[in-house]
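# Coordinates in review
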Amino acid sequence: MPASTHSPRGGGRLARGPLDPPASFRALRAVFLTLLAAFTLLPVFVMVTSSLKPLQDVAGRFRWIPSGLTLRPYTDIWHTVPLAEYLVNSLIVAGTATLASVVIAVFAAYAVSRHRFRGRRLFTLTVLSTQMFPGILFLLPLFLIFVNVGNATGIALYGSRGALILTYLTFSLPFSIWMLIGYFDSVPRDLDEAAMVDGCGPLGALLRVVVPAAVPGIVAVAVYAFMTAWGEVLFASVMTNDATRTLAVGLQGYSTQNDVYWNQIMAASLVVSIPVVAGFLLLQKYLVAGLTAGAVK
Amino acid sequence: MTSAPSTVPPGTGSPTGSPTGSAAARGTGGVLARVRRPGGGSRRPGRARRSALPYLLLLPALLLELLVHLIPMVMGILMSFRKLTQFFIRDWSRAPWTGFDNYELAVDVNRPVGRALLDSFATTCLFTFLSVALCWLLGTAAAVFTQHSFRGRGLLRALFFVPYALPAYAAVITWAFMFQRDNGLVNHVLHDQLGLGGAENTFWLIGDNSFWAMLTVSVWKSWPFAFLIVTAALQNIPGDLYEAAALDGAGVWQQIRRITLPSLGAVNQVLVLVLFLWTFNDFNTPFLLFGRSAPEAADLVSIHIYQSSFVTWNFGTGSAMSVLLLLFLLLVTAAYLLLTGRGRKDADAR
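Residues numbered from 1 in each chain as written. Chains lettered and ligands numbered in written order. Predicted model: local features only at pLDDT ≥ 70, side-chain atom pairs only at ≥ 80, totals over all residues. Heavy atoms only, no water.

When you go through chain A residue by residue, the secondary structure sums to 14 helices and 0 strands. Expressed along its principal axes, the backbone C-alpha trace of chain A runs to roughly 75 × 70 × 30 Å. Within chain A, buried positions represent 55% of all 297 residues. The positive charge centre, built from 20 side chains, and the negative charge centre, built from 12, are 8 Å apart in chain A. (Helix = DSSP H or I, 4+ residues; strand = E, 2+ residues; numbered from the N terminus. Buried < 20%, exposed > 50% of the residue type's maximum accessible area, 1.4 Å probe, protein only. Lys, Arg positive; Asp, Glu negative; His and termini not counted. Charge placed at Lys NZ, Arg CZ, Asp CG, Glu CD.)

If you want it as structure tokens, here you go:
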């Protein structure tokens, strides 16, 4: 079961197949992989080159070779819309949602991984099934709850960052719990049992032994939760107002009635993507191991 | 293993604060919990703490699950029985109770609302089927082709992960730019450079073509996930199998057909289910490509519900549609799990 798939070397030694594929195989492989790489990278190419083009280039016919290169879009993006504000909002919302769901999930996953208790299966099945629920199912009620509670208590919940963070827990919490159960299962039980024999309580064993042993998994879950929250569109588009708008909604501000500043949209997209893409590629091996642990069993 | 010390130093015990140290404070569900401690202390409080600890650990998660999942779901179901329009947003409990009216409206294909929902449902099914099939195909082919080592494989793998790592809004907005009628790359290549598509530039984000534009973006975004999962699964195939096959004279293709693909069976079951659920519920792709109302040809159920709720302000109907969507997904998932025999395995495994 899952423990065996937890090897943290997602990218490493895979060459297990036949060592000398024939020329026909290698030719087909080269063609297929080249086409696929082109398909994959085309939008990235467009994003990077368009972000360096002057406005008349992106407003007119598409050109592979720009009439001139400029860094103007990268300075303009901060003034056309309050991008810095959106960045801060996104950071706060995604960061808090990630932190909250990982901390809460560590305790829950530990309970499920190490204890047999009544309702355990019901709990895991509930967690698993909520992952398949469409976000729109929770959007409507949560929207009305925030509006109504706000009206009843006078606290402006709707549109607040706190409300958005809470809605983000609808997807990040079950996901984190589910992934961490798999990770904790792969930490040998002897480790925390030994710690408890040595006088740690169960919480001590969790915090001093299990959590340190599962750090790669916890990091992977955190990065993944952050990525999902950073890219979330549905809740952000309904639950935010001018002051709390996140990047997902804010980027739409670069299209005005008359002009669509495509070069600035591309520059801003690149700026907000680089941190998560870099994080993903850096932590790729943990993420791959983590994601597949849940599915490959 | 069997003779664990019967006392635990005070203060390191469970957070209940109960002073009796006992075997239960160690709280392991496995071996230790079943072992009867020799000669030891009061068993009763021990048992009480043994059963309380997991619930205490779960408490924060349970409270939040209640708050973000259970209450909204119950509310959503209640909302679907009311005529909930914009006039009742400030106090939804005052909206008139209408029983199954919303559901009748949603499923009555002879009236516009039901008709539109059915169309949108059919579009979503076709879209999901094509997208999942293509993602699976591309992901599996790429994983098989990168199974053997070659120069640049690591770099290629990293490149293939990029669509998966990019935030949806950045990626889909870029595609929206590429699909622009007059200044997009797609029309430039097809029309200007290859001379396809007649005298006029093609509209990609309006009209019937929007379906294909949306499918392209969806496949682009999701195939790396299939690649990632299949790649990991290929790692688990023992090398001996290939060696034995090679000794028996099996060529590359035969090895792929006889060893690689059959070993993917179990993984494919999960992969297809996950891809199905994601694609069926996908909101980002149509919303970012088309805005709050998608063209008819690309009107996915998620955006359809969004539109009936937040554009035309019929929350009751929107809720009924959400509940129907959930029931459909539950049914399909349950049937799928039963058919693949996976539900049993997962339930037992946990």
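Residues and elements named next belong to chain B. Summed over all chains, the structure comprises 43 aromatic pairs over all chains. For the pair Phe 225 and Trp 278, a centre-to-centre distance of 4.6 Å together with 55° between the ring planes defines the contact as tilted. Of this pair, Phe 225 sits in helix H9 (residues 209-235) while Trp 278 sits in helix H12 (residues 265-281), and the two are 53 residues apart along the sequence. The class of Phe 225 is buried, set by a relative accessible area of 6%. A centroid spacing of 5.5 Å and a plane angle of 35° characterise the contact between Tyr 306 and Phe 310, whose relative ring orientation is tilted. You can see Tyr 306 and its partner Phe 310 sitting in helix H14 (residues 301-310), 4 residues apart, about one turn around the helix. (Phe/Tyr/Trp six-rings, centres within 6.5 Å; stacked < 30°, edge-to-face > 60°.)

A separate point is the UniProt feature "domain: ABC transmembrane type-1" (unreviewed entry) in chain B. Within this structure's numbering, the places UniProt gives as "domain: ABC transmembrane type-1" (unreviewed entry) are residues 121-336 of chain B. For residues 121-336 of chain B, the end-to-end C-alpha separation is 19 Å, with 74% helix and 0% strand making up the annotated structure. (UniProt positions renumbered as here; feature names shortened; annotations may be inferred.)

Structurally, Gly 231 of chain A is set in the loop between helix H10 (215-230) and helix H11 (234-239). The sequence separation of Gly 231 of chain A and Glu 85 of chain A amounts to 146 residues, and the corresponding C-alpha distance is 16 Å. When sequence neighbours within four positions are dropped, the list of residues in contact with Gly 231 of chain A reads Pro 167, Ala 168, Tyr 169 and Asn 284 of chain B. (Contact = heavy atoms within 4.5 Å.)

Now for the nonpolar core. Formed by 190 residues in total, the largest nonpolar core has its most connected members in Leu 139, Phe 143, Ile 177 and Phe 184 of chain A together with Phe 160, Tyr 169 and Tyr 306 of chain B. Tallying contributions element by element places H9 of chain B first for this core, with 16 residues. Setting aside chain neighbours within four positions, we find Ile 177 of chain A in contact with Ala 105, Ala 108, Ala 109, Phe 123 and Val 127 of chain A together with Ala 61 of chain B. (Core = buried A, V, L, I, M, F, W, Y, C linked by side-chain atoms within 4.5 Å.)

So, on to the UniProt feature "domain: ABC transmembrane type-1" (unreviewed entry) in chain A. Mapped onto the present numbering, the UniProt feature "domain: ABC transmembrane type-1" (unreviewed entry) falls on residues 87-283 of chain A. Each end of residues 87-283 of chain A is marked by a C-alpha atom, and these two atoms are 22 Å apart; helix forms 77% of the span and strand 0%.

Let us look at the UniProt feature "transmembrane region" (unreviewed entry) in chain B. Residue and element names in this part refer to chain B. The positions UniProt marks with the feature "transmembrane region" (unreviewed entry) are residues 52-78, 121-146, 158-178, 211-234, 259-280 and 319-339. Along residues 52-78 the backbone is 100% helical and 0% strand, and the end-to-end C-alpha distance reaches 34 Å. As a span, residues 259-280 carries 82% helix and 0% strand, and end to end its C-alpha atoms are 32 Å apart.

The next point concerns H12 of chain B. In this model H12 of chain B runs 25 Å from its N-terminal to its C-terminal C-alpha over 17 residues, within 8% of the 24 Å that 1.5 Å per residue would give. Among the residues of H12 of chain B, Val 267, Asn 268, Val 270, Leu 271, Leu 273, Leu 275, Phe 276, Leu 277, Thr 279, Phe 280 and Asn 281 of chain B are the ones counted as buried. (Expected span 1.5 Å × (residues − 1).)

How big an interface is tends to be expressed through the accessible area that disappears when the partners come together. Opposite the 116 residues of chain A that make contact, chain B presents 127 residues. Counting the surface lost from both chain A and chain B, the interface buries some 11000 Å², and carbon and sulfur atoms represent 74% of this. Our count for the contact surface shared by chain A and chain B stands at 1 salt bridge. The salt bridge involving Arg 61 of chain A is made with Asp 192 of chain B; its shortest N-O contact spans 2.7 Å. There are 12 residue pairs in polar contact (both at pLDDT 80 or more) connecting chain A and chain B. In terms of residues, the side of chain A that touches chain B owes the most to one element, helix H1 (residues 23-50) of chain A, which gives 17 residues. Considered class by class, the residues forming the side of chain A that touches chain B number 78 nonpolar, 25 polar and 13 charged. (Buried area = accessible area lost by both parts, 1.4 Å probe. Salt bridge = Lys/Arg side-chain N within 4 Å of Asp/Glu carboxyl O. Polar contact = N/O pair within 3.5 Å; in protein donor to acceptor, adjacent residues only side chain to side chain. Nonpolar A, V, L, I, M, F, W, Y, C, P; charged D, E, K, R; others polar.)

Taken as a whole, this structure holds 9 salt bridges over all chains when the rule is applied. A salt bridge links Asp 182 of chain B to Arg 181 of chain B; the shortest N-O distance between them is 4.0 Å.

Quick look at the UniProt feature "transmembrane region" (unreviewed entry) in chain A now. Residue and element names in this part refer to chain A. Here the UniProt-annotated "transmembrane region" (unreviewed entry) positions come out as residues 30-48, 86-110, 122-145, 165-184, 205-227 and 261-283. Structurally, residues 205-227 comprises 96% helix and 0% strand, and the distance from its first C-alpha atom to its last is 30 Å. Counted over residues 261-283, helix gives 91% and strand 0%. Its end C-alpha atoms are 33 Å apart.

Right, let's talk about the environment of Glu 104 of chain B for a bit. Positionally, Glu 104 of chain B belongs in helix H4 (residues 101-107). Note: C-alpha distance between Glu 104 of chain B and Ala 320 of chain B (216 residues apart in sequence) is 9.3 Å.

Positionally, Ser 302 of chain B belongs in helix H14. Residue classification places Ser 302 of chain B among the buried positions, given a relative accessible area of 4%. In this structure the side chain of Ser 302 of chain B is engaged in a polar contact, spanning 2.7 Å, whose partner is the backbone oxygen of Asp 282 of chain B. Not counting chain neighbours up to four residues away, the residues in contact with Ser 302 of chain B comprise Ile 136 of chain A together with Asn 281, Asp 282 and Phe 283 of chain B.

Residues and elements named next belong to chain B. On the surface, Leu 56, Leu 59, Leu 63, Leu 66, Leu 67, Leu 70, Ile 71, Val 74, Leu 78 and Trp 97 cluster together into a nonpolar patch covering about 880 Å² of accessible area. By secondary structure assignment, the location of Val 74 is in helix H3 (residues 43-79). Taking the relative accessible area as the measure of exposure, Val 74 reaches 44% and is therefore partly exposed. (Patch = residues over 30% accessible without salt bridge, like charges linked within 9 Å, V, L, I, M, F, W, Y side chains within 5 Å. Areas by Shrake-Rupley, 256 points an atom, 1.4 Å probe, with all protein chains shown as cover.)

As a further point, take the state of the cysteines. Under the counting rule described, the total for this entry stands at 0 disulfides over all chains. A disulfide-free cysteine, Cys 135 of chain B has its sulfur positioned 16 Å from the sulfur of Cys 125 of chain B, the nearest such atom. (Disulfide = S-S within 2.5 Å.)

Below, the discussion takes up the confidence of the model for chain A. Residues and elements named next belong to chain A. Averaged over all residues, the pLDDT of chain A equals 86, while 90% of them reach at least 70. Confidence, expressed as mean pLDDT per element, reaches its minimum in chain A at helix H14 (residues 284-295) with 67 and its maximum at helix H4 (residues 83-114) with 95. When the criterion is pLDDT under 50, residues 1-18 qualifies, and its contacts beyond four places in sequence or with other chains add up to 46 contacts. (pLDDT = per-residue confidence, 0-100.)

Glancing now at the confidence of the model for chain B. Residues and elements named next belong to chain B. Across chain B, the average pLDDT comes to 82, with 83% of residues at or above 70. The model gives residues 1-49 a pLDDT under 50, and that stretch makes 66 contacts with residues more than four places away or in other chains. Two numbers describe this predicted complex: its pTM, 0.84, and its ipTM, 0.87.

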